[in-house]
Structure formats: structure tokens, C-alpha cells
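# Structure at a glance
Listed below, chain by chain, are the residues.
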Amino acid sequence: MNYEEKIIEYPPVHPGTDRTFIRFYEGEPNPKAMLLGGCDEMPQRVFVTDTTVSSLPCMEEFTAEFGTGKGAAANSVHKRRSGKDILVILGAGEPFKTIESVLSIVAAALDANGQRSTVFVGIGGGVITDMTAFAASIFKRGARCELVPTTLLSMVDAAVGGKTGCDFGSYKNMIGSFFPAQKIHICPEFIKTLPQSEYRSGLAEVVKTALLFSAPLFDKLESNPGILDGRGKSEFAPLISEMIRTCVSEKASVVEQDLTEKGMRMLLNLGHTFGHALETCAGLGKVAHGDGVAWGMARAADLSERLGLCTKEYAERVKRMLRSYTWEISEIHPAMEGKGSAGDIARTIFGAMKKDKKNSSSKVRFVLQRGVCDTVITEADEGDVLAVLGAER
């Protein structure tokens, strides 16, 4: 069949901004001082947070600028207004990371007559920063975005690098865009407000970054498991500051070279192929993201050893370190107990892996390691993957 072809050439689509300014703050968090100062010529802002963050003592002065009232009840959205600015309060946690929540942010901006110059400001953990930036990316084909990460995980990973999105059905981060924030405001003192489970979840991403890019940081983390319970102790303050700045710096370096994950940015998925599949199969929100990533790094270490990429000693070193931080490293995660035989569970998780958005074929791609800072991207046969998932029990 004959045809004629015409080519239309375009410049690359602009991802919202060509640079991100990251500000590191000292002292107690003060969102009012961070965000509400300035003159009358400031653009309209749509602030987005959740019920957990909005109830923090350090947020009282900020939220008071928008009047009084209760936060969002379950399955509801609470909106307040202060002049031309809007505050949107969503329900907290992974169950609210939905397209409906994203569209509620968009609706709030539309109701307030928002324009492309409107700045969407996400104040919260990875769920809030991901959804706020996604809403900004689709509002009138691209507004502006700033982020205030309040969890360790969002400071060292989620808020940096422009990945945005939400879950869809039972699958994690299936809808989204690349849309970097123009500004990221990082106040490490926020981590003192976190539940222990959230703090530990963020530490998993710190360990991941250290394994990928910083042997000195990994050595320090390996030697200081007391940091897990010591975030309020002065002896650990220098290490906490170092790990946040190191992770931000390393991720920024990767993103500058590969924003849309065509090459080296894929390395940042160490532990995530296994971890995301676990989160999906256990039920989104049942396993904290960092806990899933930590378990995934243990599975990746075993797979690396099985494929002959690393020594048994290295795989054991990684798992020993993860165990010292109390992360689960067994082949079958406790969250999957009771969901069938070992083989059934392994095949269920493998099936979820094949739907991972990072795969480009019917095979499953993994980030594996030969050693600290020695990382490869490869595909593995189903039998090898099932083996490290406990199917041979």
C-alpha cells in the first residue's frame, strides 16, 4: 500500500521551568515566613496540604491566615481562601493519591479563576508533592510549582527531580508527568514531627542513594544504626544534615543529565521494581514506600548474587545493614502472608512487576549491583526472579 509522508518538527516540550532553586532552612519550620511574605504583586498561590500536616503546631500561623475550620474529613476536600490565595486540605496518605484528588486541586484553582501564572505549592510528603506538581503540570497545560517537603522521603527523593503523578486502581504512580518545581524549600527540622514509621521509610531512600553514589555515606549509615532512633539527639544532627544534602545533591546531578529517565536516572530505581510490586500486591498503603524499597533492595542483592554480578559477601553486607535498621528482608514479606503458597505469592508479585511503567518489553528490568557505587541495569529470567521471591521454598 503506497503512502506519502510529511514530517512536522517541534522543539522539546518545556517542562514548566528550566531550573530549580533549592533552599535549605535552619531552625524550626515556619511555613508562614517561608511562603506568605512578599508584596501585593505576588502571583496567586494554590497551597495544597493534607490533614496530618495542616494539624502540625508549626502550621498554625500559616493556616490561620486562611481562617479557621476543620480539615478534610475522609473522602472530602476542604478549601479556604485568603485574598486571591487558596488553601486546599486533602485526606492524608497513599489511599488519597488518586486522580480524583488531583482533579480536586485543579477544580480549586479553576474556582479561584487561576491562570498559568498561578503557583501551585505542595506542603507535605511525597503523596502531596507528587499530586500538587501533577496538578500544576496539567492546569491550563502548565502552571507553576513550588514544593515544601515535610517528610524525610520527600526531602531526599520525591520532591526533587520533577516526577509527578498519582496511583491508578491498584497500581502505583501509573499516571503522571515530568514537571520540575521552580523552588523547593527544605527544612530538615520537619523530620522531628514525623511518626517513627515515616522517618524510617525515608531512611530507606537515603540508604538507596548511598549505595548508588556515596560509599562514605553508606559506611557512616552502616556504622550508625542508632540514627534510626536518634533524630532528636545532637550527636546525630551532623549526619542527618549530611545525608539530606548528599541525597539532594546526588539526585540533582542525575536529573540534570537525564530528566525524563532515558538513561542514568533509571539507576534511582534500585529496589523499586520489587518494592512497588510489593506495595501493589499488599494493597496500596499497607506497606510504607520506604519499607517496600528496603525489602526490594534485599531482593535485588539476592538477585545480583544469583546472576553472578556480586559476591555472596556483598549481598550479605547489604542485607545485614538493612536488617540493622529493622527492615524486613525475608523472601516473603509478612504483608503477603496468607495470600497463597510461596509459589503463588512469588508469581503474583512477578505479575505486578511486568506492569511496571519502567519496563519497555515483556521482560522485567532491574537495577542490580556489583558493589557499592557499582550498578548495572539488566533484565532477568522469570525463574531467577521467582527464586529470590521464595518460590523454591
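Up top you'll find the structure we're talking about.
Residues numbered from 1 in each chain as written. Predicted model: local features only at pLDDT ≥ 70, side-chain atom pairs only at ≥ 80, totals over all residues. Heavy atoms only, no water.

### Comments concerning the overall build of the protein
So the rule is basically this: Numbered from the N terminus, helices here are DSSP runs of H or I no shorter than four residues, and strands are runs of E no shorter than two. Radius of gyration here is computed from C-alpha atoms only, and the compact-globule reference equals 2.2 Å multiplied by the residue count raised to the power 0.38. Any pair of residues with heavy atoms lying within 4.5 Å of one another is described as a contacting pair. Here the open area of atoms and residues is found with the Shrake-Rupley method and a 1.4 Å probe, where only the protein chains shown may cover a residue.
Secondary structure summary: the protein contains 14 helices and 11 strands in total. What you see for the protein is a C-alpha radius of gyration of 21 Å, in line with the 21 Å of a compact globule of 393 residues. Restricting to contacts in the protein with at least 6 residues of sequence separation, those with at least 24 account for 73%. Surface accessibility of the protein: about 17600 Å² in total, with carbon and sulfur atoms responsible for 50%.

### Notes on the layout of surface pockets
If you roll a probe as big as a water molecule over the atoms, it shows you where there is empty space left. As a reminder of what qualifies: Here a cavity is any set of points on a 1 Å grid over the protein atoms alone where a 1.4 Å probe fits but cannot get out, and a pocket is any open set with protein on both sides within 12 Å along at least 5 of 7 lines; a residue lines the site when it has an atom within 4 Å of a point. Grid points are joined across faces, edges and corners, and a volume is the space filled by probe spheres set on the points. Charged residues are taken to be Asp, Glu, Lys and Arg, nonpolar residues to be Ala, Val, Leu, Ile, Met, Phe, Trp, Tyr, Cys and Pro, and polar residues to be all remaining types, Gly included.
Of the volumes computed, that of the second largest pocket is approximately 380 Å³. Lining the second largest pocket are 18 residues, with R19, T20, P180, V255 and E256 positioned closest to its centre. No other element matches helix α9 (residues 237-257), which puts four residues into the lining of the second largest pocket. For the lining of the second largest pocket, the per-class residue count stands at nine nonpolar, five polar and four charged.

### Let's talk about unusual backbone geometry
The backbone phi angle of E261 is positive, close to 60°, even though this residue is not glycine. Checked against the element boundaries, E261 lands in the loop between α9 and α10 (272-282). A positive phi angle, close to 65°, is found at C373, a residue other than glycine. With respect to the helices, strands and loops of the structure, C373 is situated in the loop between β10 (364-371) and β11 (374-380).

### Regarding the packing of helix α7 (residues 196-213) against helix α11 (residues 289-306)
How we decide: Where helices are involved, their axes are fitted lines through C-alpha atoms of the stretch in contact, as for all axes, and angles between N-to-C directions lie from 0 to 180°. Orientation is classified from the angle alone, with under 35 degrees giving roughly parallel, over 145 giving roughly antiparallel, 65 to 115 giving roughly perpendicular, and any other angle giving oblique. In this scheme the handedness of a crossing depends on how the near helix is turned from the far one: anticlockwise by less than a right angle means left-handed, clockwise means right-handed.
Between α7 and α11, the least distance of the axes is 7 Å, while the angle of their chain directions is 40°. Regarding the angle of α7 to α11, the classification is oblique. Like other packed secondary-structure pairs, α7 and α11 cross with a definite hand, here left-handed. Judged by residue contacts, R200, S201, A204, E205, V207, K208 and L211 of α7 engage H289, G290, D291, V293, A294 and M297 from α11. Of the residues that constitute the contact of α7 with α11, the class distribution is six nonpolar, three polar and four charged.

### So, the sheet that holds strand β5 (residues 119-124)
Quick reminder of the rule: At least two DSSP bridges between two strands are needed for those strands to be called paired.
In spatial order, the strands read β1-β9-β6-β5-β2-β4-β3; together these seven strands make up an open sheet with mixed pairing. For this open sheet the edge positions go to β1 (21-24) and β3 (78-82), each flanked by a neighbour on one side alone. Shown here is a sheet whose adjacent strand axes are inclined to one another by a mean of 15°, direction ignored. In this fold helix α5 (residues 126-138) packs onto β2 (45-50), β4 (85-90), β5 and β6 (144-149), with an angle of close to 170° to the strand it touches most, β5. Along the sheet, α9 contacts β1 and β9 (183-186); its crossing angle with β1, the most-contacted strand, is approximately 175°.

### Some remarks on the environment of G114
Relative to the assigned elements, G114 resides in the loop between α4 (99-111) and β5. Counting along the chain gives 29 residues from G114 to A143, while the straight-line C-alpha distance between them is 9.1 Å. Residues in contact with G114, not counting those within four places in the same chain, are Q44, A109, F139 and K140.

### Quick look at helix α13 (residues 342-354)
Operational definition: By definition here, a helix of n residues has an expected span of 1.5 Å times n minus one. Only protein chains enter the accessibility calculation, which uses a 1.4 Å probe. A residue is then buried if its area is under 20% of the maximum for its type, exposed if over 50%, and partly exposed in between.
If you check α13, its first and last C-alpha atoms are 19 Å apart, about what 13 residues at 1.5 Å a residue would give, namely 18 Å. Among all positions of α13, only A342, G343, I345, A346, I349, F350, A352 and M353 are buried.

### Looking at the side chain of T118
Definition in use: Within 3.5 Å is the distance limit for a polar contact, defined as a pair of N or O atoms, with the added protein rule that one can donate a hydrogen and the other accept it, and that residues adjacent in sequence qualify only through two side-chain atoms.
Assignment of secondary structure puts T118 in the loop between α4 and β5. Reaching out from T118, the side chain makes a polar contact with the side chain of Q44 at a distance of 2.7 Å. Each residue touching T118, except ones within four places of it in the same chain, is listed here: Q44, V46, A143 and R144.

### A look at the pairing of β3
Pairing between β3 and β4: five bridges, direction antiparallel. Paired with S82 across the two strands is D85, which belongs to β4. Remark: two residues form the turn of the hairpin made by β3 and β4, two consecutive strands paired antiparallel; G83 in that turn has positive phi of roughly 65°.

### Quick notes on the nonpolar core
Here is the rule: The definition of a nonpolar core used throughout is a set of buried Ala, Val, Leu, Ile, Met, Phe, Trp, Tyr and Cys residues joined through side-chain atoms within 4.5 Å.
Membership of the largest hydrophobic core comes to 118 residues, with the highest contact counts inside it found for L152, M243, F274 and M353. With nine residues, the top contributor of residues to this core is α7.

### Concerning the packing of α10 against α13
With their axes 8 Å apart at the nearest point, α10 and α13 run at an angle of 110° to one another. Here α10 lies roughly perpendicular to α13, going by the angle between them. Between α10 and α13 the crossing geometry is right-handed. In this structure, α10 contributes T273, F274, A277, T280 and C281 to the contact, and α13 contributes T348, I349, A352 and M353. The residue inventory of the contact of α10 with α13, partitioned by class, reads six nonpolar, three polar and no charged.

None of the figures reported here should be taken as evidence of function without further support.
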